Amino acid sequence: MQSGVAVLLALVFLIVVPVLATTVGGRVYRVETAAVQAETARLHQVDATVIETGKAPLYAPVVPARVSWKDPDGVTHTGDYQSTTVVEPGSTVPIWLNERGAIVEPPSSSQPAGKAVMLTAGAVLGVSIVLAGSYLLLRRGLDRRRLRRWETEWVAADLTWGHG
């Protein structure tokens, strides 16, 4: 019985996991992609000129820089920018601005896939824990039942063989 249940739980796992992965992963990916697209629609990208650069901290892969750009009306603005590449004064860098004209992080193209993978992995882990726990609980119950039967048979054998 125990091996039959193990096979059944393995089959449930093999059926549930692909369905769960495509359902959860696909849904999370679609929702997150829509969120990134909505964020991208709210932001706009402009080219800015690096005015000056600061010293990059040893612990972070960014170069602090001061940049300037012109808005559609021709007004020049300046702001602090964290570049992920080495930049020099006078070079041009793309920056993203919010509706107030403040520099913001660019929309992430990898965020939807990352969240989908993480949440799908969590769901698969949850299913795995439930199925493994079910198997262990069943096994514990069967082991207790076998132990009671074994003890009963030893008592019967002891009475039959005259040691009792």
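Just above sits the structure.
Predicted model, so just to flag it, every value in this text is computed and none were measured.

Tallying each qualifying case throughout the model produces one aromatic pair. Between the aromatic rings of Trp-150 and Trp-154, the centroid separation amounts to 6.2 Å while the plane-to-plane angle is 90°, which identifies the pairing as edge-to-face. Within this pair, Trp-150 and its partner Trp-154 are both found in helix α2 (residues 111-161), separated by four residues, close to a single helical turn.

A few words now on the layout of surface pockets. Empty space within the largest pocket amounts to approximately 260 Å³. Looking at the largest pocket, it is lined by 14 residues, and the ones nearest its centre are Tyr-81, Gln-82, Val-104, Glu-105 and Pro-106. Looking at the lining of the largest pocket, the elements with two or more residues in it are β3 (76-83), β4 (92-97) and β5 (103-104). Here the lining of the largest pocket gets four residues from one element, more than from any other, and that element is β3. The class makeup of the residues in the lining of the largest pocket is seven nonpolar, five polar and two charged.

Turning next to the sheet that holds strand β2 (residues 63-70). If you trace the five strands from one edge of the open sheet to the other, you get β3-β2-β1-β4-β5, paired in antiparallel fashion. Single-partner strands in this sheet number two, and they are β3 and β5. Sheet topology places β2 next to β3; eight bridges connect them, and they run antiparallel. The residue of β3 that forms the bridge with Arg-66 is Asp-80.

Let's shift gears to the pattern of salt bridges. Under the definition given, this model contains five salt bridges. Between Arg-66 and Asp-80 there is a salt bridge; the shortest N-O distance is 2.9 Å. With a gap of 14 residues between them, Arg-66 in strand β2 and Asp-80 in strand β3 connect regions that are remote in the sequence. Of the residues examined, Arg-66 reaches a relative accessible area of 28% and is grouped as partly exposed. Salt-bridge contacts for Asp-143 lead to Arg-139; the nearest nitrogen and oxygen are separated by 3.8 Å. Pair noted here: Asp-143 and Arg-139 are both in helix α2, with a separation of four residues, about one helical turn. What makes Arg-139 partly exposed here is its relative accessible area of 38%. Three or more residues joined by partner-sharing salt bridges are found here, namely Arg-139, Asp-143 and Arg-146.

Looking now at the packing of helix α1 (residues 2-42) against α2. Between α1 and α2, the shortest axis-to-axis distance is 8 Å and the interhelical angle comes to 160°. Between α1 and α2, the crossing angle belongs to the class labelled roughly antiparallel. For α1 against α2, the interelement crossing comes out right-handed. Grouping the amino acids of the contact of α1 with α2 by side-chain chemistry returns 24 nonpolar, seven polar and five charged.

Bringing the side chain of Thr-120 into the picture now. Looking at where Thr-120 falls in the secondary structure, it is placed in helix α2. A polar atom in the side chain of Thr-120 sits 3.2 Å from the backbone nitrogen of Gly-25. Discounting residues that sit within four places of it in the chain, Thr-120 has contacts with Ala-21, Val-24 and Gly-25.

Right, let's talk about the pairing of strand β1 (residues 44-53) for a bit. Relative to β4, β1 runs antiparallel, the two sharing six bridges. By the bridge assignment for β4, Thr-49 is matched with Thr-92.

What counts as what
Residues numbered from 1 in each chain as written. Predicted model: local features only at pLDDT ≥ 70, side-chain atom pairs only at ≥ 80, totals over all residues. Heavy atoms only, no water. Phe/Tyr/Trp six-rings, centres within 6.5 Å; stacked < 30°, edge-to-face > 60°. Helix = DSSP H or I, 4+ residues; strand = E, 2+ residues; numbered from the N terminus. 1 Å grid on protein atoms, 1.4 Å probe; cavity = no way out; pocket = protein on both sides within 12 Å on 5 of 7 lines; lining within 4 Å. Points joined across faces, edges and corners; volume = space filled by probe spheres on them. Nonpolar A, V, L, I, M, F, W, Y, C, P; charged D, E, K, R; others polar. Pairing = 2+ DSSP bridges. Salt bridge = Lys/Arg side-chain N within 4 Å of Asp/Glu carboxyl O. Buried < 20%, exposed > 50% of the residue type's maximum accessible area, 1.4 Å probe, protein only. Axes fitted to C-alpha atoms, helices over the stretch in contact; angles between N-to-C directions. Parallel < 35°, antiparallel > 145°, perpendicular 65-115°, else oblique. Left-handed = near helix turned anticlockwise from the far one by under 90°. Polar contact = N/O pair within 3.5 Å; in protein donor to acceptor, adjacent residues only side chain to side chain. Contact = heavy atoms within 4.5 Å.

Any functional reading would require information beyond the geometric quantities listed.
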